[in-house]
Amino acid sequence: MTALTRLSISLEKALLEAFDRQLRMERCPTRSKAVGDLIRQGLVRKAWKGNAKTVGAIILVYDAHRRDLVNRLNAIQHDHHELIIASQHVHLDHDACLEIVAVRGKPTDLVRLEQKLRAVKGVKHGALAVAASGGPDSVPPA
Ligand code: NI
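Regarding the coordination of the nickel ion
Here is step 1: The protein atoms that coordinate the nickel ion are His 89 (NE2), His 91 (ND1) and Cys 97 (SG), at distances spanning 2.1 to 2.4 Å.
Here is step 2: Written as a sequence motif, the donor residues of the nickel ion are H-x1-H-x5-C.
Here is step 3: A relative accessible area of 4% means that Cys 97 is categorised as buried.

Quick notes on the packing of helix H3 (residues 67-79) against helix H4 (residues 107-119)
Here is step 1: Two elements in contact, H3 and H4, have axes separated by 9 Å at closest approach and are oriented at 165°. One finds that H3 runs roughly antiparallel with respect to H4. Between H3 and H4 lies a crossing of right-handed hand. Taking contact as the criterion, the partners of Leu 73, Ile 76 and Gln 77 in H3 are, on H4, Leu 113, Lys 116 and Leu 117.
Here is step 2: For the contact of H3 with H4, the residue count by class is four nonpolar, one polar and one charged.

Observations regarding the sheet that holds strand E4 (residues 123-131)
Here is step 1: Here four strands make up an open sheet; going across it, the order is E2-E3-E1-E4 and the pairing antiparallel. Each edge of the open sheet is held by one strand with a lone partner, namely strand E2 (84-91) and E4. Each neighbouring strand pair of the sheet contributes to a mean axis angle of 15°, computed without reference to strand direction.
Here is step 2: Pairing of strand E1 (residues 54-63) with strand E3 (residues 96-105) involves ten bridges; the strand directions are antiparallel. Looking at the pairing, Ile 59 lines up with Ile 100 of E3.
Here is step 3: Contacts from H3 reach E1, E2, E3 and E4 within the one sheet, and its direction differs from that of E1 by about 165°.

Section: H4
Here is step 1: Along its 13 residues, H4 runs 18 Å from first to last C-alpha, staying within 8% of the 18 Å computed at 1.5 Å per residue.
Here is step 2: Looking only at H4, the buried set comprises Pro 107, Leu 110, Leu 113, Glu 114 and Leu 117. Angular distribution of buried residues about the axis of H4 spans 125°; they occupy a single face of the element.

A closer look at the pattern of salt bridges
Here is step 1: Taken as a whole, this structure holds seven salt bridges when the rule is applied.
Here is step 2: A salt bridge links Arg 40 to Asp 37; the nearest nitrogen and oxygen atoms lie 3.1 Å apart. Of the two residues, Arg 40 and Asp 37 are both situated in helix H2 (residues 31-49); the distance of three residues between them amounts to about one turn of the helix.
Here is step 3: A salt bridge links Arg 118 to Glu 114; the shortest N-O distance between them is 2.5 Å. One end of the pair is Arg 118 and the other is Glu 114, both in helix H4 and four residues apart, which spans about a single turn.
Here is step 4: Accessibility expressed as a relative area gives 39% for Arg 118, which makes it partly exposed.

As for the nonpolar core
Here is step 1: Within the largest apolar cluster, 17 residues are counted, with the highest numbers of intra-cluster contacts made by Ile 58, Tyr 62, Leu 73, Val 103, Leu 113, Leu 117 and Val 123.
Here is step 2: Elements represented by at least two residues in this core include exactly E1, H3, E3 and H4.
Here is step 3: At four residues, the largest contribution of residues to this core is made by H3.

Things to note about unusual backbone geometry
Here is step 1: You will see that Arg 27, though not glycine, has its phi angle at about 55°, which is positive.
Here is step 2: Structurally, Arg 27 is set in the loop between helix H1 (13-25) and H2.
Here is step 3: Even without being glycine, Asn 51 reaches a positive phi, approximately 60°.
Here is step 4: Here Asn 51 shows up in the loop between H2 and E1.

The rules behind each value
- Residues numbered from 1 in each chain as written.
- Predicted model: local features only at pLDDT ≥ 70, side-chain atom pairs only at ≥ 80, totals over all residues.
- Heavy atoms only, no water.
- Donors = N, O, S within 2.8 Å, 3.2 Å for Na, K, Ca; no water.
- Buried < 20%, exposed > 50% of the residue type's maximum accessible area, 1.4 Å probe, protein only.
- Axes fitted to C-alpha atoms, helices over the stretch in contact; angles between N-to-C directions.
- Helix = DSSP H or I, 4+ residues; strand = E, 2+ residues; numbered from the N terminus.
- Parallel < 35°, antiparallel > 145°, perpendicular 65-115°, else oblique.
- Left-handed = near helix turned anticlockwise from the far one by under 90°.
- Contact = heavy atoms within 4.5 Å.
- Nonpolar A, V, L, I, M, F, W, Y, C, P; charged D, E, K, R; others polar.
- Pairing = 2+ DSSP bridges.
- Expected span 1.5 Å × (residues − 1).
- Arc of directions from axis to C-beta.
- Salt bridge = Lys/Arg side-chain N within 4 Å of Asp/Glu carboxyl O.
- Core = buried A, V, L, I, M, F, W, Y, C linked by side-chain atoms within 4.5 Å.

Written as structure tokens, this is what we have:
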């Protein structure tokens, strides 16, 4: 477990009340976790803007019965194998597939890859979620 450092901060009363309301709504267990999460999100955003290497996941939902579509998604992923760490395929129901592709690379490359995959005809949903990689020059993970 990472060593923790205690700090004390001062906030306007109204701001703290709004913060606590938000924590209750999100069922966040402690203020410490909430503040840590906010700092980490800010750092990830900053790293993202600086195009520093990061990790994330691309999720895709598509039609299981279109062989051409599955082949196209595979071909794109092979073309960008250097960005892909792993992928998981879930058969959602008789007709739909969910694919979760773990990616690592520069944000501009990850965005481009997600756009290419989403653009394939028959893909019903595509999205990219980014996270902190935890590497030495990256944002410390939770
Ligand atoms: Ni499937």
